[in-house]
Amino acid sequence: MNNIILIGDLMIDHYIYCNPRKINQEAPNIVFNYNRDVFKLGGAANIAKNLSNLDFNIFFMSDLGNNNDYSEKILELLKNNKICTDYLIKTNKKTTIKKRYISNQMQVFRVDNEDTNNISNYYQDIVYNNFLNLIDNNKIKYLVVSDYNKGFITLDCLKKIITKCNLNNIQVFIDPKINKPEKYKNSYLIKPNRNEFKELCKYYNLDYEDFNNSVINISNKLNVNNLVITKDKDETILYQKHLN
């Protein structure tokens, strides 16, 4: 079984099922009766679950946040999926929660509770030291970065981690969000979707319509040998620098 380190922004999806009861007399809307709660892993935590289901041994690095009730639920769900939680940290940032209110099998509305500020330098140092401890004591084959722009994956910390991975022959796979793409430099593979690739083109002043040249330019600018670009249901494009 291959060991994988997964670094990313975890979330919890909270589904609140309810039934419509009557028209509200206080405001022009509907009163619902509460039915039940369902909790599911979201964000990078869902990626961890999917990789674990493929029989990878996952060391998950993320921030549980400051909501104790939700943090306990996240830990329970991760452990149920045989995911190592020893390297999760708990900062004073909000736990990222997405609450979806469901009635008659339809989502009525969603409420997000999150803090997208970067974790502090103090916690970045803890993350990096935890990473060093992991690769010193385990045979790691891959690092997967699942970035949702919630502040856990910072420029300085990730650059140090990628440098260390390259020195230890650990392949780095990136599922990006495009705010500071330079933090993904020197990774093994980056997988943007259509919109993220358009944002990369805009960031580097490239023409998305000149697709092939833009792919080559981005590969060169980020020093990444492999790009996988998903175009929704239309197609998936693989670019490998050493074959071109």
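For the structure given in this document, a descriptive report is provided here. These figures come from a predicted structure and were not determined experimentally. (Residues numbered from 1 in each chain as written. Predicted model: local features only at pLDDT ≥ 70, side-chain atom pairs only at ≥ 80, totals over all residues. Heavy atoms only, no water.)

## Overview of the pattern of salt bridges
We count it as follows: Here, a salt bridge means any Lys or Arg side-chain nitrogen found within 4 Å of an Asp or Glu carboxyl oxygen. Put simply, DSSP H or I for four residues or longer makes a helix, DSSP E for two residues or longer makes a strand, and each gets a number counted from the N terminus. Exposure categories follow from relative accessible area, calculated using a 1.4 Å probe and restricted to protein chains: below 20% of the type maximum is buried, above 50% is exposed, and the middle band is partly exposed.
The full count for this structure, using the stated rule, is ten salt bridges. Between Asp 147 and Lys 183 there is a salt bridge, and its shortest N-O distance comes to 2.9 Å. One end of the pair, Asp 147, is in the loop between β7 (140–146) and α4 (155–167); the other, Lys 183, is in the loop between β8 (171–175) and β9 (189–190), with 36 residues separating them in the sequence. Each member of the pair, Asp 147 as well as Lys 183, is classed as buried.

## Here we look at the sheet that holds strand β4 (residues 57–61)
Quick note on the threshold: Only when DSSP finds a minimum of two bridges between them are two strands counted as paired. In what follows, residue pairs with any heavy atoms lying within 4.5 Å of each other are defined as contacts. Under this scheme, a helix contributes an axis fitted over its contacting stretch, all axes are lines through C-alpha atoms, and angles between N-to-C directions fall in the 0 to 180 degree range.
Taken together, seven strands build an open sheet; the order of strands is β4-β1-β7-β8-β9-β10-β11 and the sheet is mixed. Two strands close off the open sheet at either side, each with one partner strand: β4 and β11 (235–240). Bridge count for β9 against strand β10 (residues 226–231) is two bridges, and the pairing is parallel. Across the sheet, Ile 190 pairs through a bridge with Leu 227, a residue of β10. Strands in contact with helix α1 (residues 44–53) are β1 (3–8), β4 and β7; relative to β4, the strand with the most contacts, it is inclined by about 170°.

## Some points on the packing of aromatic side chains
So the rule is basically this: Classification of ring pairs rests on two measures: the distance between centres of Phe, Tyr or Trp rings, Trp counted by its six-membered ring, which must be within 6.5 Å, and the angle between planes, read as stacked under 30 degrees, edge-to-face over 60 and tilted in between. Two thresholds decide whether a charge sits over a ring: the Lys NZ or Arg CZ must be within 6 Å of the ring centre and within 35 degrees of the ring normal.
Counted by the stated rule, this structure contains eleven aromatic pairs. Here Phe 197 and Phe 211 contribute two aromatic rings whose centre-to-centre distance is 5.0 Å and whose plane-to-plane angle is 45°, an arrangement assigned as tilted. Taken together, the positions of Phe 197 in helix α5 (residues 194–203) and Phe 211 in helix α6 (residues 211–222) put the pair 14 residues apart, joining distant regions of the chain. Phe 211 matches Phe 197 in its accessibility class, with the two residues each being buried. Across the ring face of Tyr 128, the terminal group of Lys 160 is positioned such that the distance to the ring centre comes to 4.4 Å. We note Lys 198 situated over the ring of Tyr 208; from NZ or CZ to the ring centre the distance is 5.1 Å.

## Section: empty space enclosed by the protein
Heads up, the condition is: Here the term cavity refers to a set of points on a 1 Å grid, laid over the protein atoms alone, in which a 1.4 Å probe fits but cannot get out; the term pocket refers to an open set having protein on both sides within 12 Å along at least five of seven lines, with lining residues being those that place an atom within 4 Å of a point. Grid points are joined across faces, edges and corners, and a volume is the space filled by probe spheres set on the points. Basically, the charged four are Asp, Glu, Lys and Arg, the nonpolar ten are Ala, Val, Leu, Ile, Met, Phe, Trp, Tyr, Cys and Pro, and anything else, Gly included, counts as polar.
Tallied over the full model, the rule gives two cavities of 30 Å³ or more. Each pocket or cavity is described by its volume, and for the largest cavity that value is around 100 Å³. Tallied by class, residues from the lining of the largest cavity come to three nonpolar, five polar and six charged. Approximately 40 Å³ is the volume found for the second largest cavity. Surrounding the second largest cavity, Ile 7, Val 127, Phe 152, Ile 153, Thr 154, Cys 157, Leu 158 and Ile 161 form its lining. Broken down by element, the lining of the second largest cavity gets its largest block of residues, three residues, from α4. Classifying every residue of the lining of the second largest cavity by side-chain character gives seven nonpolar, one polar and no charged.

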